[in-house]
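Each chain is listed here by its residues.
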Amino acid sequence: MKHFLTLRDFSKEEILEIIDLAISIKKEAKKGEFVPYLEGQTLAMIFEKSSTRTRVSFEVGIYQLGGIGLFLSKNDLQLGRGEPMKDTARVISRMVDMVMIRTYSQAKLEEFAKFSKVPVINGLTDEYHPVQLMADYMTMIEHRKENNPVVAYIGDGNNMAHSWLMLASKLGFELRIATPKGYEPDSKIVEDAFTFAKKSGAEILLTNDPKEAVRDADVVTTDVWASMGQEDEYEKRLKDFAGFMVDSTLMQLAKKDAIFLHCLPAHRGEEVSEEVLEGPQSVVFEEAENRLHAQKGIMVWLDRQRNKSIQE
Ligand code: CP
Ligand code: NVA
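Residues numbered from 1 in each chain as written. Chains lettered and ligands numbered in written order. Predicted model: local features only at pLDDT ≥ 70, side-chain atom pairs only at ≥ 80, totals over all residues. Heavy atoms only, no water.

Asker: How would you sum up the layout of surface pockets? Please name residues and give values.
Answerer: Over the atoms rolls a probe the size of a water molecule, and in doing so it shows where empty space is left. Roughly 590 Å³ of volume is contained in the largest pocket. If you go around the largest pocket, you meet 33 residues; those closest to its centre are Asn159, Val224, Ala226, Ser227 and Met228. (1 Å grid on protein atoms, 1.4 Å probe; cavity = no way out; pocket = protein on both sides within 12 Å on 5 of 7 lines; lining within 4 Å. Points joined across faces, edges and corners; volume = space filled by probe spheres on them.)

As structure tokens, this is what we get:
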């Protein structure tokens, strides 16, 4: 059974197929047509970390597809009191049709998926945030940035940086990642990205110089300097990331018509200036809306895959 845990598990064709499906579901929704592709289905949404976009977009998404979402926060689940992931998986997946999880380690998510009878979707882990990247790529397409774009990611080598590495190396576009020294993406994930890039033709640059990354880029993106779970490192990171803010001076090095993306929530005056976030190149709220559409595409695609595998 196919899960949606990381883009590493997907081919270029599959990623584009899901995006196409999401775009067509978005078009239908914009015309007021809410096709019940997942009529009567239940999506369990397990959250071990906070969320605004992921929760709302999945809950509204499954509802618009004719199903219902079950919001399960760690505080309300026995999981929060130590019930193992593998037991939680075997219980919940007997009662629902699909599960989305936001948790800490990717290993925990994979453990859940291993024991689950139904498709599992990664709603963010410390390592990856693949559903966000599907919305980001949809936003790039809508702004005509899908044709051999140069994407510059400025900031922490975190779950977003890792997900960009997977998307670029699978689809074959140029990705430049600029991080402060000591905050580079995970070396194993970088190595895998280079392996995928050999097949796709993607160019990947890792640098400690934001200017080098942004020069003539089509898309400039960043993320918070301290992710969920790193709150204790916040003060240290503020110092270590000095010079890595995406501000107008940096943005000017990108192409004139470059777009600015940010998965949000944004910290103004840290990884991005108010001027850039609120400026004409910023498409961050369209990007946030696309979470809804992209994830509807993912859920419908996973359901179709499951039905295919049952028929085989
Ligand atoms: N971008 C994103 O995943 O936002 P939330 O943490 O609000 O879900
Ligand atoms: N890197 C951030 C993304 C939030 C959507 C975090 O993990 O907190």
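Asker: For the sheet that holds strand β9 (residues 259-262), give the residues involved together with the corresponding values.
Answerer: Sheet architecture is open: five strands sit in the order β7-β6-β5-β8-β9, paired in parallel fashion. The sheet is open, and its two borders are formed by β7 (204-207) and β9, each paired with just one other strand. Shown here is a sheet whose adjacent strand axes are inclined to one another by a mean of 20°, direction ignored. As paired elements, strand β5 (residues 150-154) and strand β6 (residues 174-178) share five bridges and run parallel to each other. When the sheet's bridge partners are listed, Ile154 is paired in β6 with Ala178. With respect to the sheet, helix α6 (residues 159-171) is in contact with β5, β6, β7, β8 (219-222) and β9, its orientation differing from that of β6 by roughly 160°. (Pairing = 2+ DSSP bridges. Helix = DSSP H or I, 4+ residues; strand = E, 2+ residues; numbered from the N terminus. Axes fitted to C-alpha atoms, helices over the stretch in contact; angles between N-to-C directions. Contact = heavy atoms within 4.5 Å.)

Asker: Residues and numbers for the site of ligand 1, please.
Answerer: All residues in the neighbourhood of ligand 1 are listed as Ser51, Thr52, Arg53, Thr54, Arg102, His129, Gln132, Cys263, Leu264 and Arg291. Between an oxygen atom of ligand 1 and a side-chain N or O atom of Ser51, the distance comes to 2.7 Å. One of the side-chain nitrogen or oxygen atoms of His129 is found 2.8 Å away from an oxygen atom of ligand 1. Partitioned by chemical class, the residues of the shell around ligand 1 number two nonpolar, five polar and three charged. (Near = heavy atom within 4 Å. Polar contact = N/O pair within 3.5 Å; in protein donor to acceptor, adjacent residues only side chain to side chain. Nonpolar A, V, L, I, M, F, W, Y, C, P; charged D, E, K, R; others polar.)

By themselves, these are just geometric observations and shouldn't be taken as functional.
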